[in-house]
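# Summary of structural features
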Amino acid sequence: MTLQQLLLGKSDCPCGKVHDCPIRHVVIKTDACRHLPKVTQAYHHILVVADTNTYAACGARVCEVLADRVCDTLIYTPEGILVPDESAIAALRARVSDRVDLILGIGSGVINDLCKFVSFDCGLPYVIVATAPSMDGYASRGAALILDGMKVTLNAAVPQAIVADVDVLAAAPMDMIRAGYGDIIGKYSCLNDWRLSREVRGEYLCEYVLQATYDEVEKTVALADGIAARSPEAIGALMEALVAVGILMAYVGNSRPASGSEHHMSHYFEIVGLTRGEPYLPHGIDVCCSAVQTALLREKLLSLDGSALLSAAFDRERYERDVRRIYGTVADEVIALQNKMGWYDTNRIPAYREKWARIREILADCPTAEQLLALVTRVGISYEDFCALYGDQKIKDGLLYAKDLKDRYTVLWMYCDLYFGGTFA
Ligand SMILES: [Zn+2]
Ligand SMILES: [Zn+2]
């Protein structure tokens, strides 16, 4: 499936949903910025948004080709990492005057999320000029923000266009390139979670989107050596896979095809890092290293005898104590979300027992931790650094409580159900 084919949408899917994605243009090539005048021809008062690094990457070229249609430029100058929080949102909102008819972001994850959110909020279209193949959110509808110290994904709109110069992408910091590759490798984990959730909870799953996402993962795996060598061709193809996955998310209307247990772990490392002032790794690096961890969980589950799964009454006191210890200032929100969902009040063990043969088939149909580790290592990502940075306790806490940040069923819920049931004792 090519990107241009994906952009056409699919109206006859057997899943019953009409799949579409209103992105009009995706241009990923050498000097892609030269296409900006055409891509933005309907707009005359463009607000350009960047940070110091991304502006340095291709801001001058963007402003040169758009010339006097640029009416204002906002360049964030954060001390450290730019965080998509209330103050960054307010700074952007303040620059959206009545004249502005298009927001054009230059950047990757954070700039994309800020522009996506504020443009949606202000009822304006936006275009993103990507500077790094670092994550799959370019084409997705959701904007990942940090509000009140919590990582939230709010509904927004897709960009009108995604424009990426492959030479700019290939010159991005190597960790950002690795992160994009890692974000894709993590799909092995989340696609398995999606299938598991269909089996356990009867959740909607589109086979077409599932297969198309697997195809993008397989294509990316084949690029690993070129990515490690910063080949513009391989990095352009990586960017295409990242955009394709974003379109597939837009197809189902949420991030299910691209985000499961491994993403919940990465969000947990980020949130806990922000609340405690502790370091965390780039998103996609956390994602693929966490995918190794969730693969280890699947292996652990596969070693169990289905008839011996135990259940125990939910120990709310212990749960709240643990959540408060781990999440500190955001613990109330975490507990409130889970209270609203009520999943702790459901005993899933009988369903696991009944469906264990089918569950095992699904869990086994995922690369092993060893295989994932080999894929991760091929582009120079260090799983040892990940383990050393977080340590055993933080990783163990994440395996039990990262799921509590979200309202999505994954292998983490199954592990937690069996752990608290006493099956592993
Ligand atoms: Zn479908
Ligand atoms: Zn991701």
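Before reading on, note that the structure itself is shown above.
In this report, we go over the structure that sits alongside the text. (Residues numbered from 1 in each chain as written. Chains lettered and ligands numbered in written order. Predicted model: local features only at pLDDT ≥ 70, side-chain atom pairs only at ≥ 80, totals over all residues. Heavy atoms only, no water.)

Before going further, it helps to examine the layout of surface pockets. Looking at the second largest pocket, its volume works out to about 300 Å³. In terms of lining, the second largest pocket is formed by 20 residues, of which the most central are Ala-312, Phe-314, Tyr-344, Asp-417 and Phe-420. Contributions of two or more residues to the lining of the second largest pocket are made by helix H14 (316-327) and helix H19 (411-421). If you tally residues by element for the lining of the second largest pocket, the top one is H19, at five residues. (1 Å grid on protein atoms, 1.4 Å probe; cavity = no way out; pocket = protein on both sides within 12 Å on 5 of 7 lines; lining within 4 Å. Points joined across faces, edges and corners; volume = space filled by probe spheres on them. Helix = DSSP H or I, 4+ residues; strand = E, 2+ residues; numbered from the N terminus.)

Pairing is possible between side chains that carry opposite charge, provided their charged atoms lie close to one another. Within this structure, the stated rule accounts for 26 salt bridges. Between Lys-10 and Asp-12 there is a salt bridge; the shortest N-O distance is 3.2 Å. When the shortest N-O distance is used, the salt bridge between Asp-417 and Arg-348 registers 2.6 Å. Of the two residues, Asp-417 sits in helix H19 while Arg-348 sits in the loop between helix H15 (331-341) and helix H16 (349-364), which places them 69 residues apart along the sequence. Note on Asp-417: relative accessible area 15%, which makes it buried. Each member of the salt-bridge network shares a partner with another, and the members are Arg-318, Asp-322, Arg-325 and Asp-397. (Salt bridge = Lys/Arg side-chain N within 4 Å of Asp/Glu carboxyl O. Buried < 20%, exposed > 50% of the residue type's maximum accessible area, 1.4 Å probe, protein only.)

What follows deals with the coordination of the zinc ion (ligand 1). For the zinc ion (ligand 1), the full set of protein donor atoms is Cys-13 (SG), Cys-15 (SG), His-19 (NE2) and Cys-206 (SG), and the range of their distances to it is 2.1 to 2.3 Å. Within one chain, the residues donating to the zinc ion (ligand 1) are spaced in sequence as C-x1-C-x3-H-x186-C. The class of Cys-15 is partly exposed, set by a relative accessible area of 26%. (Donors = N, O, S within 2.8 Å, 3.2 Å for Na, K, Ca; no water.)

Residue Ala-67 is not a glycine yet carries a positive backbone phi of 50°. The topology assignment puts Ala-67 in the loop between helix H3 (52-66) and strand E3 (70-76). What makes Ala-67 partly exposed here is its relative accessible area of 46%.

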